[in-house]
Each structure stands twice: as structure tokens, then as C-alpha cells.
Amino acid sequence: MGKGPQKKAESCPEACQAMCCRYVATKIDAPRTKIDWDEIYWFLCHENVEVFIESRKWYVLFDTPCRNLDAKSRCVVYSRRPHVCRQHEEENCEYWSDGEERFSMRAPEDLKKYMKRRGVRLRMAWDDPDEKVEKKAPSKPRTRRSKKG
């Protein structure tokens, strides 16, 4: 993104449109179990929810603007904003930085494609019953050994 020179601001620049104040994102554990994958699917069944992976860390994002933004996307409580807002450094600002590469999923279908691409072969309750599940190559048939004696 890199929109201009970095400088300490007394408030955020109007041009940024308060990018960081338009969502809430929180770290989640990377899915390892069937229940974990199901929970991510459940997140993605909701409007304005995204799951993304950035620097090998998983997050769930809720697209919801802060109540303290005015019509021009300016913070009306900037001088007395919460501590978590004060910790948001310009180095991490989406407006000033180029941002890290991230993979986003915005719908249940995105998760299904991700699982398929990553080789996650689990039969989930939300799978289409008519959809064929990739199965491992059949193993050699077992033969009975005759007992000598």
C-alpha cells in the first residue's frame, strides 16, 4: 500500500478511512481436528466474517466498524481512545505499510477449496452427500495363509 512517508500523527490521516477501525480480528488456533475445521466452517457461514492466514498464523475477522467513527471516518475519541488502539503502531498500519501476504477465506466454499488443496481428507457433516470423496489407492488384497501341520 505504501501511500506516503511515515510520520507520527496526532490523529489518523483522513485518506486512510480508518482501515483498522472497520473490523475486529482475533488469533485462533490452526485447525488440527475435525471439530476445528467444523468451527472455521461455522465462522464462514456468517455474513461479514472472514478467516485468514498471515505469517502461518490463523485469524477470524469480523467486519464491523468501530462506533467511535464519525461520518468522515475520523475517531471522535482519539485523545481518549482505548489502550488497544494506542498500541496500534504506524509500522503495522495497513495504510502506511505494504502489508504482509495473507490468504483469506470469506465463504464456506473457500474453506472447502483450501482443504482440498492442502490434502485435508475428512468427511464433514456439511459435505455434499453426492460428492465423491477421494480415497486412497486400494491396498493389496489379503490372502489367507494356510496352516501347515
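Along every chain, residues carry numbers that run from 1 in the direction the sequence is written. Residues qualify for local features only when their pLDDT is at least 70, as the model is predicted, and side-chain atom pairs are given and counted only at 80 or more; totals for whole chains, interfaces and linings, by contrast, use all residues. The side-chain figures draw on all heavy atoms in the structure; neither hydrogens nor water molecules are used.

## Remarks on the overall build of the chain
Right, so step 1: Only DSSP runs of H or I reaching four residues or more are called helices, and only runs of E reaching two or more are called strands; each is numbered from the N terminus. Within the chain, the secondary structure is distributed over three helices and four strands.
Right, so step 2: The N-to-C order of helical and strand elements in the chain reads β-α-β-β-α-β-α.
Right, so step 3: In this scheme, a residue with accessible area under 20% of its type's maximum is buried, one over 50% is exposed, and one in between is partly exposed, where area comes from a 1.4 Å probe on protein chains only. Per-residue burial over the chain gives 23% buried out of 149 residues.
Right, so step 4: Two residues qualify as a contact provided that any one of their heavy atoms is within 4.5 Å of a heavy atom in the partner residue. When contacts within the chain are restricted to residue pairs at least 6 apart in sequence, those whose partners lie at least 24 apart make up 69%.
Right, so step 5: When the accessible surface of the chain is summed, it comes to about 12,200 Å², and 49% of that surface belongs to carbon and sulfur atoms. A 1.4 Å probe and the Shrake-Rupley method give the accessible areas. Residues count as covered only by the protein chains that appear here.

## Section: helix α1 (residues 34-44)
Right, so step 1: Considered for burial, the residues of α1 that qualify are Trp 37, Ile 40, Tyr 41, Phe 43 and Leu 44. The buried residues of α1 all sit within an arc of 155° when viewed along its axis, so they share a single face.
Right, so step 2: Looking at the packing, one finds that the buried side of α1 touches β1 (24-28), β2 (49-54), β3 (57-62), β4 (102-105) and α3 (108-117). Think of the arc as the fan of directions from the helix axis to the C-beta atoms.

## Side note on the pattern of salt bridges
Right, so step 1: Salt bridges are defined by distance alone: a side-chain nitrogen of Lys or Arg within 4 Å of a carboxyl oxygen of Asp or Glu. Under the definition given, this model contains three salt bridges.
Right, so step 2: Across the pair Arg 106 and Glu 50 runs a salt bridge, and its minimum N-O distance is 3.5 Å. Residue Arg 106 is found in the loop between β4 and α3, and its partner Glu 50 is found in strand β2; the two are separated by 56 residues along the sequence.
Right, so step 3: Take Glu 50: its relative accessible area is 8%, and that puts it in the buried class.
Right, so step 4: Each of Glu 50, Arg 102 and Arg 106 takes part in salt bridges that share partners, so that together they form one network.

## Details of the confidence of the model for the chain
Right, so step 1: Values of pLDDT, the confidence the predictor places in each residue, fall between 0 and 100. Overall, the prediction assigns the chain a mean pLDDT of 82, with 77% of residues at 70 or greater.
Right, so step 2: Here residues 1-8 is modelled with pLDDT under 50, and outside its nearest four sequence neighbours on either side it reaches 18 contacts, counting other chains as well.

## Regarding the nonpolar core
Right, so step 1: Membership of the largest hydrophobic core comes to 17 residues, with the highest contact counts inside it found for Ile 28, Trp 37, Ile 40, Val 51, Trp 58, Met 105 and Leu 111.
Right, so step 2: Broken down by secondary-structure element, the contributors of at least two residues to this core are α1, β2, β3 and α3.
Right, so step 3: When residues of this core are assigned to their parent elements, the largest contribution, five residues, is made by α1.
Right, so step 4: Those residues in contact with Leu 111 that sit more than four places away from it in its chain are Trp 37, Ile 40, Tyr 41, Leu 44, Met 105 and Trp 126. Throughout, nonpolar core names a set of buried Ala, Val, Leu, Ile, Met, Phe, Trp, Tyr and Cys residues whose side chains join them through atoms within 4.5 Å.

## A short note on the packing of aromatic side chains
Right, so step 1: Stacked, edge-to-face and tilted labels apply to pairs of Phe, Tyr and Trp rings (six-membered ring for Trp) whose centres lie within 6.5 Å, assigned for plane angles under 30 degrees, over 60, and everything in between, in that order. By the definition in use, this model includes seven aromatic pairs.
Right, so step 2: An angle of 80° between the planes, with centres 5.6 Å apart, marks the rings of Trp 58 and Tyr 114 as edge-to-face. Highlighted residues: Trp 58 in strand β3 and Tyr 114 in helix α3, separated in sequence by 56 residues. Each member of the pair, Trp 58 together with Tyr 114, is buried.
Right, so step 3: An aromatic cluster is defined as three or more aromatic residues linked by ring pairs; in this entry it consists of Trp 37, Trp 58, Phe 103 and Tyr 114.
Right, so step 4: Note on criteria: charge over ring means Lys NZ or Arg CZ within 6 Å of the ring centre, with the direction from the centre no more than 35 degrees off the ring normal. Lying over the aromatic face of Tyr 78, Arg 81 brings its terminal NZ or CZ to 3.8 Å of the ring centre.
Right, so step 5: Geometry around Phe 52 places Arg 102 over its ring, the cationic atom sitting 3.9 Å from the centre.

## What to know about α3
Right, so step 1: For α3, the set of buried residues is Pro 108, Leu 111, Tyr 114 and Met 115. Burial along α3 is one-sided: seen end-on, the buried residues are contained in an arc of 120°. Within α3, the exposed residues directed more than 90 degrees away from the buried face are Lys 113, Lys 116 and Arg 117.
Right, so step 2: Next to the buried residues of α3 lie α1, β2, β3 and β4.
Right, so step 3: Downstream of α3 by one or two residues, Gly 119 has phi in the positive range, about 75°.

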